Amino acid sequence: MKFIVIWLVLLALLSSCDRSQINTEEKTIEKIGGLIKVDSIQIPFLGTPQLHDVDPKNRNVVFMQSGPDEEEVFVANFDGQILHSFDAHGNTMVGFLRLMAPLQFNKEGSRLLAFGVPHIKQISLDGEVVDVLFSGNTAYYSSNPAPNNELHVHQGKIFYNNHMNDQEFRWDRADFFKKLRLIGYYDLVEKEKNNFLKFPDESVYASGRIFPHSDWISHFTFSDEYLHVIFNGEPAVYVYEANTPFTFVKMIELDLKEFQFSNGVPEGEQVADFMETMITMGKMINIKFHNNMIVVCYSSGFNAQQMKTWATAESPQERNEMINRFRSESPPRIQVFDKDYNLLADFPIPIHINPSGLFERDGFLWAAKHNPDMEEDFFTIYKLFLEKGGEVAEKNLN
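Please read all numbers here as calculations on a predicted model, not as lab measurements. (Residues numbered from 1 in each chain as written. Predicted model: local features only at pLDDT ≥ 70, side-chain atom pairs only at ≥ 80, totals over all residues. Heavy atoms only, no water.)

A. Here's a closer look at the packing of aromatic side chains. Tallied over the full model, the rule gives 31 aromatic pairs. A centroid spacing of 5.4 Å and a plane angle of 55 degrees characterise the contact between phenylalanine 134 and tyrosine 186, whose relative ring orientation is tilted. Residue phenylalanine 134 is located in strand S9 (residues 130–135), and its partner tyrosine 186 is located in strand S12 (residues 183–187); the two are separated by 52 residues in the primary sequence. Between phenylalanine 177 and tryptophan 216, the aromatic rings sit 5.1 Å apart at their centres with planes inclined by 85 degrees, giving edge-to-face as the arrangement. Linking phenylalanine 177 in helix H2 (residues 174–179) with tryptophan 216 in the loop between strand S13 (192–195) and strand S14 (218–222), this pair joins segments that are 39 residues apart in sequence. Residue classification places phenylalanine 177 among the buried residues on the basis of a relative accessible area of 3%. What links up through ring pairs into an aromatic cluster is the set Phe176, Phe177, Phe199, Tyr205, Phe211, Trp216, Phe231, Tyr238, Tyr240 and Phe248. Looking at lysine 157, its charged tip hangs above the ring of tyrosine 185, at a distance of 5.4 Å from the centre. (Phe/Tyr/Trp six-rings, centres within 6.5 Å; stacked < 30°, edge-to-face > 60°. Helix = DSSP H or I, 4+ residues; strand = E, 2+ residues; numbered from the N terminus. Buried < 20%, exposed > 50% of the residue type's maximum accessible area, 1.4 Å probe, protein only. Lys NZ or Arg CZ within 6 Å of the ring centre and 35° of its normal.)

B. Looking closely at the side chain of histidine 152. Relative to the elements of secondary structure, histidine 152 occurs in strand S10 (residues 152–154). From its side chain, histidine 152 meets the backbone oxygen of phenylalanine 220 in a polar contact 3.3 Å long. Those residues within four positions of histidine 152 in sequence are excluded, and the remaining contacts are Lys157, Ile158, Phe159, Phe220, Thr221 and Phe222. (Polar contact = N/O pair within 3.5 Å; in protein donor to acceptor, adjacent residues only side chain to side chain. Contact = heavy atoms within 4.5 Å.)

C. Expanded view of a nonpolar patch on the surface. A cluster of nonpolar side chains, Phe274, Met275 and Met278, forms an exposed patch at the surface whose accessible area comes to about 270 Å². In this structure, methionine 275 sits in helix H3 (residues 274–280). (Patch = residues over 30% accessible without salt bridge, like charges linked within 9 Å, V, L, I, M, F, W, Y side chains within 5 Å. Areas by Shrake-Rupley, 256 points an atom, 1.4 Å probe, with all protein chains shown as cover. Salt bridge = Lys/Arg side-chain N within 4 Å of Asp/Glu carboxyl O.)

D. Examining the sheet that holds strand S5 (residues 82–88) more closely. An order of S2-S3-S4-S5 is seen for the four strands of this open sheet, with the pairing classed as antiparallel. The strands lining the two open edges of the sheet, one partner per strand, are strand S2 (50–55) and S5. In this sheet, neighbouring strand axes are inclined to one another by 15 degrees on average, regardless of whether the strands run parallel or antiparallel. (Pairing = 2+ DSSP bridges. Axes fitted to C-alpha atoms, helices over the stretch in contact; angles between N-to-C directions.)

E. Representation of the side chain of aspartate 215. For aspartate 215, the position within the fold is in the loop between S13 and S14. At 5.0 Å, lysine 283 is the nearest oppositely charged side chain to aspartate 215, a buried residue that forms no salt bridge. Among the polar contacts made by the side chain of aspartate 215, one reaches the side chain of tyrosine 205 at a distance of 2.7 Å. (Lys, Arg positive; Asp, Glu negative; His and termini not counted.)

F. A look at the sheet that holds S14. With respect to topology, four strands assemble into an open sheet ordered S14-S15-S16-S17, the strand pairing being antiparallel. Edge positions in the sheet fall to S14 and strand S17 (248–253), since each of these pairs with one other strand and no more. Across the sheet, the mean angle from the axis of one strand to that of its neighbour is 20 degrees, orientation sign disregarded. Here strand S15 (residues 226–231) pairs with strand S16 (residues 236–241) via four bridges, running antiparallel. Bridge pairing in S16 places valine 229 opposite tyrosine 238.

G. Examining the pairing of S17 more closely. Where S16 lies against S17, five bridges are found, and the strand directions are antiparallel. In the sheet register, alanine 236 faces S17, and the bridge partner there is glutamate 253. Following S16, the chain reverses through six residues before pairing antiparallel with S17; phenylalanine 246 in that reversal takes a positive phi of roughly 60 degrees.

H. Representation of the pairing of strand S4 (residues 71–77). S4 sits mainly inside the fold: five of its seven residues count as buried. Strand direction decides the pairing type here: strand S3 (residues 60–66) and S4, joined by seven bridges, are antiparallel. Bridging across to S4, phenylalanine 63 finds its partner in phenylalanine 74. As consecutive antiparallel partners, S3 and S4 are separated by four residues. Pairing geometry for S4 and S5, over six bridges, is antiparallel. Pairing of valine 75 across the sheet is with histidine 84, part of S5. In textbook terms, the turn of a hairpin is the stretch between consecutive antiparallel strands, and for S4 and S5 this stretch comprises four residues, one of which, glycine 80, has a positive phi near 90 degrees.

I. Layout of the nonpolar core. Within the largest apolar cluster, 29 residues are counted, with the highest numbers of intra-cluster contacts made by Leu197, Trp216 and Leu227. Beyond its immediate stretch of four places on either side in the chain, leucine 197 contacts Leu180, Arg181, Leu182, Ile183, Leu227, Val229, Phe231 and Tyr240. Counting residues in hydrophobic clusters, the runner-up holds 19 residues, among them Cys297, Phe347, Ile353 and Tyr382. (Core = buried A, V, L, I, M, F, W, Y, C linked by side-chain atoms within 4.5 Å.)

J. Seen up close, unusual backbone geometry. With an omega of 5 degrees, the peptide bond between valine 117 and proline 118 qualifies as cis. Note that proline 118 resides in the loop between strand S7 (111–115) and strand S8 (119–124). Each neighbour pair has its own omega, and for threonine 244 with proline 245 the value is 15 degrees, a cis peptide bond. By the element assignment, proline 245 lies in the loop between S16 and S17. Unlike most non-glycine residues, serine 214 shows phi in positive territory, near 65 degrees. One can find serine 214 in the loop between S13 and S14. Positive phi values are uncommon outside glycine, yet tyrosine 341 reaches one of about 65 degrees. Positionally, tyrosine 341 belongs in the loop between strand S20 (333–338) and strand S21 (343–348).

Set out below in structure tokens:
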């Protein structure tokens, strides 16, 4: 009897040790509290500048001021001093840029990469030296040289969102979507382009239906092993292997708050108005890889009650007032995931951050201060970090 009791005690101890070992091996998911400001750069400047890139190693930034007939490029340092500026138009060495992506510093920080129509160029920081890497880019149907549309240099290739008219632009026909190639690259060694990424079978855009203009455009980011892609009007992330032939791996359906999206209509039926959908529908705005996390920026669009109110508007002024009010009530948000797509956070984007302007450099997120209602004496750029744990943080974004 004593032997049996001793055996049962030993068995209980062993079982307890096993459970303890299992518990220590369980994955701990540390939540993210919010987005906080680590530092800022202030550049004395009057106008409406657009931030293109930041080079933390050399402590430089590049931004542009656009006018009706020309564009001016500025390179400044982290102390707020403008080091170089040059015009980009037909009478300059730089020429027209017609950018499809933001300007980007090269690895050494000594040149600017300009991806436009019809050229891909490398430009010295003072605009005096221009090398044309490629000619032949066609006109585009959707262009936004903001950081959510940035280039990625990966394994000797320049990757870009392909919004070029490589085929007849008949988005009112189902076969148009079958022929689209959403992402491409320019091979710096082979000196050739390849547009490669089509809609996966799991995507709503592969359904054989048609969708509002530009509803399908892509944004993407690379992690160590994967290419992560979002499409403008679909609440999902599509994951591919990061190397040729970019094999599709999986679809991650996102649980987004009241995200309004289109399931498309059969070919021949009336598609929703472009401007109407741009204002009212949800948008997948940006995706970045940051410190082993996936950061997704999105806007849910107008909710059901807001849509009812929207339908009662009788003048453009009334509609503008509604747009401002609804966006204040339902601001864009950020979802943060670990590499396995476990959700770490979902919080509103701080008021002075434009989600399309958020990008990653040197282990931090960066964005220009967004305050379209007021012209300020300084152009402010935020250095940001995702805070772990605690309540949602929106600190010092003034």
